[in-house]
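# Fold and geometry: a report
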Amino acid sequence: MSERTTGTGEAPHYDLAVVGAGAVGALAAYYAVRRDPGRRVAVITHAGRGTGATRLSAGFDTPTGHNPAQRALAARSTALFGELAAGLGDAGRAPVDVRWLVTRENAAALDATMADGDRTRPVTGEQRALLDRTFPGLAHDDDQVLLSTAPMTVGQPQWLADRLLDEVLGHPDNTLLEGFRVTEVRRTGGRVELVAADGTRITAAKAILAPGPWVLDGPVAAAARERGARVKKVVAFHIMTPPPPGAPALVLEDADAFLLPHHPGGHWIFSITSPDWDRGPDEPLAIDARDRELARALLARHVPGFLPHLLGGRVFSDCFTPGHLPVVDTVGGDGVVMAIGGSGSGYRLAPAMAEDALNLLDGRP
Ligand SMILES: Cc1cc2nc3c(=O)[nH]c(=O)nc-3n(C[C@H](O)[C@H](O)[C@H](O)COP(=O)(O)OP(=O)(O)OC[C@H]3O[C@@H](n4cnc5c(N)ncnc54)[C@H](O)[C@@H]3O)c2cc1C
């Protein structure tokens with residue numbers, strides 16, 4: 001580190017500081033180094049690697065969006081995931097067939113969310129037979145239909161973040177600062193100074209802040225609140241029965257829930273929409289009776305055969321922004337950019353969020 005300091009007790013200096021080692025921060029750091037291998041980058045996490053929402057993410061990537069801006073982010077992220085796979089040799093992603101259970105009258109609205117212009121179609125007899133074999137007791141209301149789309153993707157978010165960080169740290173001038181909780185970011189003498197909870201500091205020419213669910217308890221809290229950012233509990237149950245090879249995912253579109261085969265874990269992931277708003281990551285977070293009731297009600301209605309296997313799951317917090325549209329914008333002037341608002345989809349939107357953040361800093365459109 002000595003060559004980065006003046007030797008007079010000044011703080012270590014970098015070209016870019018990235019606060020956050022989750023999917024968004026890791027991608028931003030990776031793109032920064034790819035774009036300019038000479039750029040000295042410090043990635044900062046308040047704890048260790050894998051402390052955030054990224055570690056517990058289900059990694060389901062349905063390239064959809066409820067508004068044009070979200071669809072543009074989803075489409076751009078799909079392209080960037082493709083480039084990542086080419087650049088890294090493997091981006092930890094695999095195709096998964098997807099079937100949708102949706103009220104008939106909402107099918108057109110579902111079609112309109114597809115970022116790649118794909119359209120849903122009724123499941124074929126063969127697909128329906130596989131669904132019946134895969135989801136024991138599969139049932140739906142008379143006004144609901146089962147639809148299919150082209151295969152989508154399931155990734156391994158934490159694996160990818162680690163892989164990207166390893167690439168970044170492969171350059172000897174780059175560093176990972178762990179246990180460095182940034183409490184303040186200020187501009188001083190043409191530099192950005194990042195101050196930690198214990199008073200230590202580093203400086204950088206520019207900074208990207210990707211704090212995930214810690215957004216309201218750190219240096220961008222005020223700016224994020226102004227943009228309507230909130231935090232919410234995100235819950236995905238585990239259905240402890242092994243998904244058969246080739247099992248499709250089933251999206252319960254009307255309930256904003258999905259059943260995703262998780263082959264590495266030998267079980268299903270059942271993501272529901274927990275109603276617990278304003279629950280930050282430093283609070284004790286647990287799957288509670290209300291979440292379980294919601295999950296049980298959905299299973300009882302649609303896949304009753306999974307009810308006995310509903311055991312445990314994963315719970316964390318995420319940052320949600322209005323319209324579930326991520327916010328990537330400067331904070332208090334040039335040189336500092338925040339990339340926030342995964343809104344439960346922050347893995348699949350992370351590449352475009354990270355690219356946008358870097359473009360803003362680099363003055364690219
Ligand atoms: C259970 C669950 C399932 C999910 N499933 C999906 C899914 O299927 N598909 C999908 O697309 N998304 C999913 N998500 C959402 C997705 O995981 C998140 O939106 C995404 O991981 C957020 O990434 P991030 O980099 O913004 O934040 P995080 O991964 O939380 O990383 C935040 C980083 O910032 C650091 N940090 C924060 N504040 C400070 C500070 N003051 N000083 C220093 N460091 C700081 C932390 O240490 C951490 O490294 C899911 C989320 C959960 C919880």
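Residues numbered from 1 in each chain as written. Predicted model: local features only at pLDDT ≥ 70, side-chain atom pairs only at ≥ 80, totals over all residues. Heavy atoms only, no water.

Per an unreviewed UniProt entry, the protein chain is named Glycine/D-amino acid oxidase-like deaminating enzyme, and its organism is Streptomyces paradoxus.

## A few points about the nonpolar core
With 41 residues, the main nonpolar core has L16, Y31, V41, V43, L84, L160 and L164 as its most contacted residues. Looking at this core, the elements that each hand over two or more residues are β1 (13-19), α1 (23-35), β2 (41-45), α3 (68-88), α6 (157-169), β19 (336-340) and α9 (350-362). Here this core takes ten residues from α1, the largest share from any one element. When near neighbours in sequence (up to four residues on either side) are disregarded, L84 contacts L27, Y30, Y31, G89, A91, L160 and L164. (Core = buried A, V, L, I, M, F, W, Y, C linked by side-chain atoms within 4.5 Å. Buried < 20%, exposed > 50% of the residue type's maximum accessible area, 1.4 Å probe, protein only. Helix = DSSP H or I, 4+ residues; strand = E, 2+ residues; numbered from the N terminus. Contact = heavy atoms within 4.5 Å.)

## Considering the site of the ligand
Close to the ligand lie 37 residues, the nearest being H46, A53, T54, V182 and D318. Taking V24, its main chain carries an N or O atom lying 3.0 Å from an oxygen atom of the ligand. Between S345 and the ligand, the recorded distance is 3.3 Å, taken from a backbone N or O atom to an oxygen atom. Partitioning the shell around the ligand into residue classes produces 20 nonpolar, 13 polar and four charged. Residue-level mapping places the shell around the ligand at the junction of two domains, with at least three residues from each of domain 1 (13-57 + 157-228 + 323-362) and domain 2 (98-150 + 230-320). (Near = heavy atom within 4 Å. Polar contact = N/O pair within 3.5 Å; in protein donor to acceptor, adjacent residues only side chain to side chain. Nonpolar A, V, L, I, M, F, W, Y, C, P; charged D, E, K, R; others polar. Domains from an automatic or database assignment.)

## Remarks on the domain arrangement of the protein chain
Segmentation of the protein chain into domains returns domain 1 (13-57 + 157-228 + 323-362) and domain 2 (98-150 + 230-320). Spacing between the C-alpha centres of domain 1 and domain 2 amounts to 31 Å. Each partner contributes to the interface: domain 1 provides 20 residues, whereas domain 2 provides eleven residues. Note on domain 1 versus domain 2: buried area summed over both sides is about 1200 Å², and carbon and sulfur give 63% of it. (Buried area = accessible area lost by both parts, 1.4 Å probe.)

## Side note on the pairing of strand β14 (residues 249-252)
In β14, alternate side chains face the same way, and those of A249 and V251 on one face and L250 and L252 on the other are all buried. Pairing of β14 with strand β15 (residues 257-262) involves three bridges; the strand directions are antiparallel. By the bridge assignment, L252 is partnered in β15 with A257. Between β14 and β15, which pair antiparallel one after the other, the connecting turn spans four residues, and D256 there sits at a positive phi close to 50°. (Pairing = 2+ DSSP bridges.)

## A few points about the sheet that holds strand β4 (residues 93-96)
Sheets are built from strands paired through backbone hydrogen bonds, the pairs being either parallel or antiparallel. Spatial ordering of the open sheet is given by β3-β8-β4, a layout of three strands whose pairing is antiparallel. Two strands close off the open sheet at either side, each with one partner strand: β3 (60-61) and β4. Note that β3 and strand β8 (residues 152-155) share two bridges and pair antiparallel. Looking across to β8, one finds that F60 is bridged to V154.

## Topic: the sheet that holds strand β5 (residues 98-103)
Spatially, β6-β7-β5-β14-β15-β16-β13-β17 is the arrangement adopted by the eight strands of the open sheet, whose pairing is mixed. Both edges of this open sheet fall to β6 (121-122) and β17 (310-320), since each of them pairs with a single strand only. Examined bridge by bridge, β6 and strand β7 (residues 144-148) share two bridges and lie antiparallel to one another. Opposite R121, over in β7, you have S148 as the bridge partner. Where helix α5 (residues 125-134) meets the sheet, it contacts β5, β6, β7 and β16 (267-272), and its direction lies at approximately 105° from that of β7. The strands touched by helix α8 (residues 289-302) are β5, β7, β13 (230-239), β14, β15, β16 and β17; relative to β16, the strand with the most contacts, the crossing angle is about 110°. (Axes fitted to C-alpha atoms, helices over the stretch in contact; angles between N-to-C directions.)

## Topic: the environment of A32
Mapped onto the elements of the fold, A32 is located in helix α1. Here A32 falls in the buried class, since its relative accessible area comes to 0%. As a C-alpha pair, A32 and T54 span 22 residues in sequence and 20 Å in three-dimensional space. Apart from residues lying up to four places away in sequence, A32 is in contact with L16, R39, V41 and L358.

## Structural notes on the pattern of salt bridges
Scanning the entire structure with this criterion turns up 25 salt bridges. Here D162 and R49 are joined by a salt bridge, their closest N and O atoms 3.4 Å apart. Taken together, the residues span a long stretch of sequence, with D162 in helix α6 and R49 in the loop between β2 and α2 (53-56) at a distance of 113 residues. Under the relative-accessibility criterion, D162 is labelled partly exposed at 23%. Looking at R49, the relative accessible area reads 30%, which means it is partly exposed. (Salt bridge = Lys/Arg side-chain N within 4 Å of Asp/Glu carboxyl O.)

## Remarks on the UniProt feature "domain: FAD dependent oxidoreductase" (unreviewed entry) in the protein chain
UniProt annotation of "domain: FAD dependent oxidoreductase" (unreviewed entry) refers to residues 15-355 when read in the numbering used here. End C-alpha atoms of residues 15-355 are separated by 17 Å, and the span's content is 28% helix alongside 31% strand. (UniProt positions renumbered as here; feature names shortened; annotations may be inferred.)

## Describing the packing of α1 against α9
Each pair of packed helices can be summarised by the angle the axes make with each other and by the distance between the axes. The interhelical angle for the contact between α1 and α9, taken along N-to-C directions, is 50°, at an axis separation of 8 Å. By the angle between their directions, the pair α1 and α9 is classed as oblique. Between α1 and α9 the crossing geometry is right-handed. For the pair formed by α1 and α9, the contact residues are A23, V24, L27, A28, Y31, A32 and R35 on the first element and A350, P351, M353, A354, E355, L358, N359 and D362 on the second. Looking at the contact of α1 with α9 residue by residue, the classes come out as eleven nonpolar, one polar and three charged. (Parallel < 35°, antiparallel > 145°, perpendicular 65-115°, else oblique. Left-handed = near helix turned anticlockwise from the far one by under 90°.)

## Looking at the packing of aromatic side chains
For the coordinates displayed, the defined rule picks out eight aromatic pairs. Ring geometry for Y30 against Y31: centres 5.9 Å apart, planes inclined by 55°, an arrangement best described as tilted. One exposure class covers both Y30 and Y31, and it is buried. Look at F60 and F258: their rings are 4.8 Å apart centre to centre, the planes differ by 55°, and that puts the pair in the tilted class. (Phe/Tyr/Trp six-rings, centres within 6.5 Å; stacked < 30°, edge-to-face > 60°.)

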